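Read off the chains here:
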Amino acid sequence: EEVVEYKNHYKTIPDADNAILGLYGSFMKLAEQVVVLNELRGDLIDVTENSSIDLQEINSNRPSPTNKYVDKTLFYNIIQNCNDILVNLDKMKEKNVLTDGQYNERFSDVGALRCWTYLQMGIQFGKVIYITDPLVDIEEVNQNNSQPPIEFDELLKRLIACMETLPT
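Residues numbered from 1 in each chain as written. Predicted model: local features only at pLDDT ≥ 70, side-chain atom pairs only at ≥ 80, totals over all residues. Heavy atoms only, no water.

(A) Inspection of the nonpolar core at higher detail. Counting residues in hydrophobic clusters, the biggest one holds 41 residues, and the most contacted among them are Ile 85, Leu 89 and Tyr 118. Only helix H1 (13–29), helix H2 (31–41), helix H4 (73–94), helix H5 (100–125) and helix H7 (152–165) provide two or more residues apiece to this core. No other element matches the 10 residues that H4 contributes to this core. (Core = buried A, V, L, I, M, F, W, Y, C linked by side-chain atoms within 4.5 Å. Buried < 20%, exposed > 50% of the residue type's maximum accessible area, 1.4 Å probe, protein only. Helix = DSSP H or I, 4+ residues; strand = E, 2+ residues; numbered from the N terminus.)

Written as structure tokens, this is what we have:
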């Protein structure tokens, strides 16, 4: 009874701003994973004999499937939140809830965050499943599970194209 139904989201500017604040909260949780993957693999930090098994696996470039640092879940959580926000910002603009300036600021911010998150995934994992539509229910998730991953070069082209079309 205390949960806002999906159809009642994004009715006001504070609704959109709260969604973006929530997105940044999730984004901050990604910091440890990105730092470990980038810096430990890049030999800018090193492990000791007291390091966790997960860190030792990353350091030797042999992570197991259960290694918490190679779990893509948080990356896709952020991407899906971005997809949801972007679609709803479009709807808010169409309904004149947002002015062009308000829309441009929020849309560019969220779009750039999604691009950066995909870039990090591409750098770390090579191939990624590239999804730009929000997946609201489990049926949509299952349908997109069969989508083939794209190579890093193709991902980079798509990310550049996306960044070039963001409003200023």
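(B) View of the packing of aromatic side chains. Counted by the stated rule, this structure contains 5 aromatic pairs. Ring centres 5.3 Å apart and planes at 75° place the aromatic pair Phe 27 and Trp 116 in the edge-to-face group. Here the residue Phe 27 occupies a position in helix H1, and Trp 116 occupies one in helix H5, the gap between them amounting to 89 residues. Note on Trp 116: relative accessible area 33%, which makes it partly exposed. (Phe/Tyr/Trp six-rings, centres within 6.5 Å; stacked < 30°, edge-to-face > 60°.)

(C) Molecular detail of the environment of Gln 102. Its location among the elements puts Gln 102 in helix H5. Overall, the relative accessible area of 25% leaves Gln 102 in the partly exposed class. With sequence-adjacent residues up to four places away left out, Gln 102 is seen in contact with Ile 13 and Val 97. Among the polar contacts listed, one links the side chain of Gln 102 to the backbone nitrogen of Thr 99, at a separation of 2.8 Å. (Contact = heavy atoms within 4.5 Å. Polar contact = N/O pair within 3.5 Å; in protein donor to acceptor, adjacent residues only side chain to side chain.)

(D) Spatial organisation of H7. Compared with an ideal rise of 1.5 Å per residue, which puts 14 residues at 20 Å, H7 spans 20 Å between its outermost C-alpha atoms and is within 8% of the ideal. For H7, the full list of buried residues reads Leu 155, Leu 159 and Cys 162. Around the axis of H7, the buried residues are gathered within 60° of arc, so they sit on the same side. Opposite its buried face, H7 presents the exposed residues Asp 153, Lys 157, Glu 164 and Thr 165, each directed more than 90 degrees away. At its buried positions, H7 is contacted by H5. (Expected span 1.5 Å × (residues − 1). Arc of directions from axis to C-beta.)

(E) Main features of the pattern of salt bridges. Evaluated as defined, the whole model comprises 5 salt bridges. Here Lys 127 and Glu 151 are joined by a salt bridge, their closest N and O atoms 3.4 Å apart. Of this pair, Lys 127 sits in the loop between H5 and helix H6 (138–145) while Glu 151 sits in the loop between H6 and H7; the two residues are 24 residues apart in sequence, bridging distant segments of the chain. (Salt bridge = Lys/Arg side-chain N within 4 Å of Asp/Glu carboxyl O.)

Limitation: the analysis is restricted to geometry and does not speak to function.
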